[in-house]
Amino acid sequence: MTENATIDRTNPQQGTAPQPAVLVLEDGKMFRGRSYGAMGSTLGEVVFATGMTGYQETITDPSYARQIVVQTAPHIGNTGVNSEDAESRRIWVAGYVVRDPARRPSNWRSERSLDDELVDQGIVGIQGVDTRAITRHLREHKTMRAAIFSGDAARRSDSELLDDVLAGAPMEGSRLAEEVSVDEAYTVEPSDHGWTGEPRFTIAAIDLGIKAMTPHRFAERGVRVHVLPATATVEDVTAASPDGFFMSNGPGDPATADAQVRLLRSVLDTKLPYFGICFGNQILGRALGFGTYKLRYGHRGINQPVMDRRTGKVEITSQNHGFAVDAPLEGATLAPEERYGRVEVSHISLNDQVVEGLACLDIPAFSVQYHPEAAAGPHDAAYLFDRFIDLMETTKTQEAK
């Protein structure tokens, strides 16, 4: 969750000049600018996102919990915010870093300004800094702990500010999915998203930080989605009488997701079709017996190139992850958990050869490391929802024989 302290929800952009602000990195690097959003201080892991559009979807993505997001696009906020484009119930970024925020929004769908929304939700930000320089620094060194201080909090000595940063928790070892997940199960019906007729299939989806567009993409294809909390048990899954099982994206270190790994193994043992994205890909990797590791600066943005190795097709994808699965890149291999049979890396990043997808060859399960729901973003990977529907159809047909 956001680690904010002493927040002033008065908008510094209204009526008075912005206050001084500073972004402090754990290696001692400092970037000074002006306040944006709420006043005060916030701690988190600083990361950069390369999307040129979709900033509202970015800041409301639960996968950004406890992260300070640097937008590489220089001009942010020009279309304001509205009540329709949020990907969850609130803003999840711990802090927000922009170069040149819009002075006023201009879009027919805008309901209020981005800085007003940041103030209302207590999100501390900074503007007027060189986001290109920050991004280059993170690429050359790595993502790291950081903090934004504004107003009186920014006027303390450099050593005091750095001490606060170094006292913050690192992302490694952080268990966050339970913090961002829903407390109560709910159902998304196909009839509410343009589908006519009876649902084709029913799935149980574990909310580890699910984005609103994900069950929407299923529902518009005729799939009823029972969304369950991150703490759901195999009994909760079975109670939904699902034709398939899904695990969503989410924040934190996959090495902490032991409960979800146990749950997935229980489901895989029943041969129920499985589809996972992002965190759900890492959990599948762990369930199969592979390890995970932290990337130097991660993949975040809506322009990440990925190759589907089965077809040779290149997709431009939406991504937001700082961890990856450590699995053999070439050919099929026997999973370390041998009862699950053979597995292959189905997708790879064309930027750095990171594992972007897993496909099981002897059980009905696959996953990808990116976001095929893509809101905002490209729709190249939307076929994955159809692939999962095909997998459920094939499995159902085989069971009927």
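Being a predicted model, the structure only gives us computed values, none of them experimental.

K.L.:
What is the right way to read the overall build of the protein chain from this model?
P.N.:
For the protein chain, the helix and strand inventory stands at 10 helices and 21 strands. For 401 residues, the compact-globule estimate of 2.2 N^0.38 gives 21 Å, and the C-alpha radius of gyration of the protein chain, at 21 Å, lies within 12% of that figure. Projecting the C-alpha coordinates of the protein chain onto the three principal axes gives extents of approximately 70 × 45 × 40 Å. Per-residue burial over the protein chain gives 57% buried out of 401 residues. Within the protein chain, contacts between residues at least 6 apart in sequence are counted, and of these 76% link residues at least 24 apart. Each charge sign in the protein chain was given a centre, from 40 positive and 55 negative side chains, and these centres are 4 Å apart.

K.L.:
How should unusual backbone geometry be read in this particular structure?
P.N.:
Negative phi is the rule for most residues except glycine; trans is the rule for most peptide bonds. Backbone geometry at serine 241 places phi at a positive 50 degrees, although glycine is not the residue there. Mapped onto the fold, serine 241 is located in the loop between α7 (234-239) and β14 (244-247). Even without glycine at this site, cysteine 278 takes up a positive phi of about 60 degrees. Examined against the element boundaries, cysteine 278 turns out to sit in the loop between β15 (274-277) and α9 (279-287).

K.L.:
What is the right way to look at the nonpolar core in this model?
P.N.:
Across soluble globular proteins, nonpolar side chains have a tendency to be buried as a group. Residues Ile206, Phe245, Met247, Leu264 and Leu268 are the most contacted members of the largest nonpolar core, which totals 37 residues. Where this core is concerned, the elements lending two or more residues are β12 (201-206), β14, α8 (258-268), α9, β19 (342-349) and β20 (355-360). In terms of residue count, α8 provides more of this core than any other element does, 5 residues in total. Setting aside anything within four residues of it in sequence, one finds phenylalanine 245 in contact with Ala204, Ile206, Val237, Leu263, Leu264, Val267, Leu272, Pro273, Tyr274, Phe275 and Phe388. Counting 23 residues, the second-largest nonpolar core is a separate cluster that includes Val223, Val225, Phe246 and Val368.

K.L.:
What am I meant to see in the packing of aromatic side chains here?
P.N.:
Within a pair of aromatic rings, the relevant descriptors are the distance that separates the centres and the angle that separates the planes. If you walk through the whole model with that rule in mind, you get 11 aromatic pairs. Residues phenylalanine 245 and tyrosine 274 carry aromatic rings whose centres are separated by 5.9 Å and whose planes lie at 40 degrees to one another, so their mutual orientation is tilted. Placement of the pair is phenylalanine 245 in strand β14 and tyrosine 274 in strand β15, with a sequence separation of 29 residues. With respect to class, phenylalanine 245 is no different from tyrosine 274; both count as buried. Each member of the aromatic cluster is reached from another via a ring pair, and the members are Phe218, Phe246, Phe275, Phe366, Phe385 and Phe388. Positioned above the aromatic ring of tryptophan 92, the side-chain terminus of arginine 90 is 4.0 Å from the ring centre.

K.L.:
Help me understand α8 in this model?
P.N.:
What sets the pattern is the α-helix's 3.6 residues per turn: residues three or four places apart point alike. Those residues of α8 not exposed but buried are Gln260, Val261, Leu263, Leu264, Val267 and Leu268. End-on, the buried residues of α8 take up no more than an arc of 160 degrees, which puts them together on one face.

K.L.:
Got a minute to help me understand a nonpolar patch on the surface in this structure?
P.N.:
On the surface, Val314, Ile316 and Leu350 cluster together to form a nonpolar patch covering roughly 200 Å² of accessible area. The topology assignment puts isoleucine 316 in strand β17 (residues 313-326). Here isoleucine 316 falls in the partly exposed class, since its relative accessible area comes to 33%.

K.L.:
So what exactly am I meant to see when it comes to the pattern of salt bridges here?
P.N.:
Pairs can form between side chains of opposite charge whenever their charged atoms are close. Inspection of every chain in the model, using the stated rule, returns 24 salt bridges. In this structure, the salt-bridge partner of glutamate 337 is arginine 339, at a minimum N-O distance of 3.0 Å. For arginine 339, a relative accessible area of 49% translates into the label partly exposed. Here the residues in one salt-bridge network are Arg217, Glu220, Arg221 and Asp386, joined through shared partners.

K.L.:
Looking at this model, I keep getting lost on the pairing of strand β2 (residues 20-25). Mind explaining?
P.N.:
Counted residue by residue, β2 has 5 buried out of 6 residues, so it is predominantly covered. In this structure, β2 lies alongside strand β3 (residues 30-37), joined through 5 bridges in antiparallel fashion. In the strand pairing of β3, valine 24 is matched with methionine 30. Linking β2 back to β3 in an antiparallel pair, the connection comprises 4 residues, with glycine 28 at a positive phi of about 95 degrees. The sheet contact formed by β2 and strand β10 (residues 144-150) spans 5 bridges and is antiparallel. Across the sheet, the residue bridging to leucine 25 is alanine 146, located in β10.

K.L.:
Before we go on, may I ask you to explain the side chain of serine 248 in this structure?
P.N.:
Mapped onto the secondary structure, serine 248 falls in the loop between β14 and α8. When its relative accessible area of 0% is taken as the criterion, serine 248 is described as buried. Among the polar contacts made by the side chain of serine 248, one reaches the main-chain amide nitrogen of leucine 208 at a distance of 2.9 Å. With residues near it in sequence (within four places) discarded, serine 248 still touches Ile206, Asp207, Leu208, Gly209, Ile210, Ile277, Phe279 and Gly280.

K.L.:
When you look at the packing of α8 against α9 in this model, what are you seeing that I'm missing?
P.N.:
The angle between the axes and the distance between the axes are what describe a pair of packed helices. Here α8 crosses α9 at 70 degrees, and the two axes come no closer than 9 Å. Considering their axes alone, α8 and α9 lie roughly perpendicular with respect to each other. Within the contact between the two elements, α8 uses Asp258, Gln260, Val261, Leu264, Arg265 and Leu268 and α9 uses Ile283, Leu284, Arg286 and Ala287. Of the residues that constitute the contact of α8 with α9, the class distribution is 6 nonpolar, 1 polar and 3 charged.

Parameters at a glance
- Residues numbered from 1 in each chain as written.
- Predicted model: local features only at pLDDT ≥ 70, side-chain atom pairs only at ≥ 80, totals over all residues.
- Heavy atoms only, no water.
- Helix = DSSP H or I, 4+ residues; strand = E, 2+ residues; numbered from the N terminus.
- Rg over C-alpha atoms; globule rule 2.2 N^0.38 Å.
- Buried < 20%, exposed > 50% of the residue type's maximum accessible area, 1.4 Å probe, protein only.
- Contact = heavy atoms within 4.5 Å.
- Lys, Arg positive; Asp, Glu negative; His and termini not counted.
- Charge placed at Lys NZ, Arg CZ, Asp CG, Glu CD.
- Core = buried A, V, L, I, M, F, W, Y, C linked by side-chain atoms within 4.5 Å.
- Phe/Tyr/Trp six-rings, centres within 6.5 Å; stacked < 30°, edge-to-face > 60°.
- Lys NZ or Arg CZ within 6 Å of the ring centre and 35° of its normal.
- Arc of directions from axis to C-beta.
- Patch = residues over 30% accessible without salt bridge, like charges linked within 9 Å, V, L, I, M, F, W, Y side chains within 5 Å.
- Areas by Shrake-Rupley, 256 points an atom, 1.4 Å probe, with all protein chains shown as cover.
- Salt bridge = Lys/Arg side-chain N within 4 Å of Asp/Glu carboxyl O.
- Pairing = 2+ DSSP bridges.
- Polar contact = N/O pair within 3.5 Å; in protein donor to acceptor, adjacent residues only side chain to side chain.
- Axes fitted to C-alpha atoms, helices over the stretch in contact; angles between N-to-C directions.
- Parallel < 35°, antiparallel > 145°, perpendicular 65-115°, else oblique.
- Nonpolar A, V, L, I, M, F, W, Y, C, P; charged D, E, K, R; others polar.

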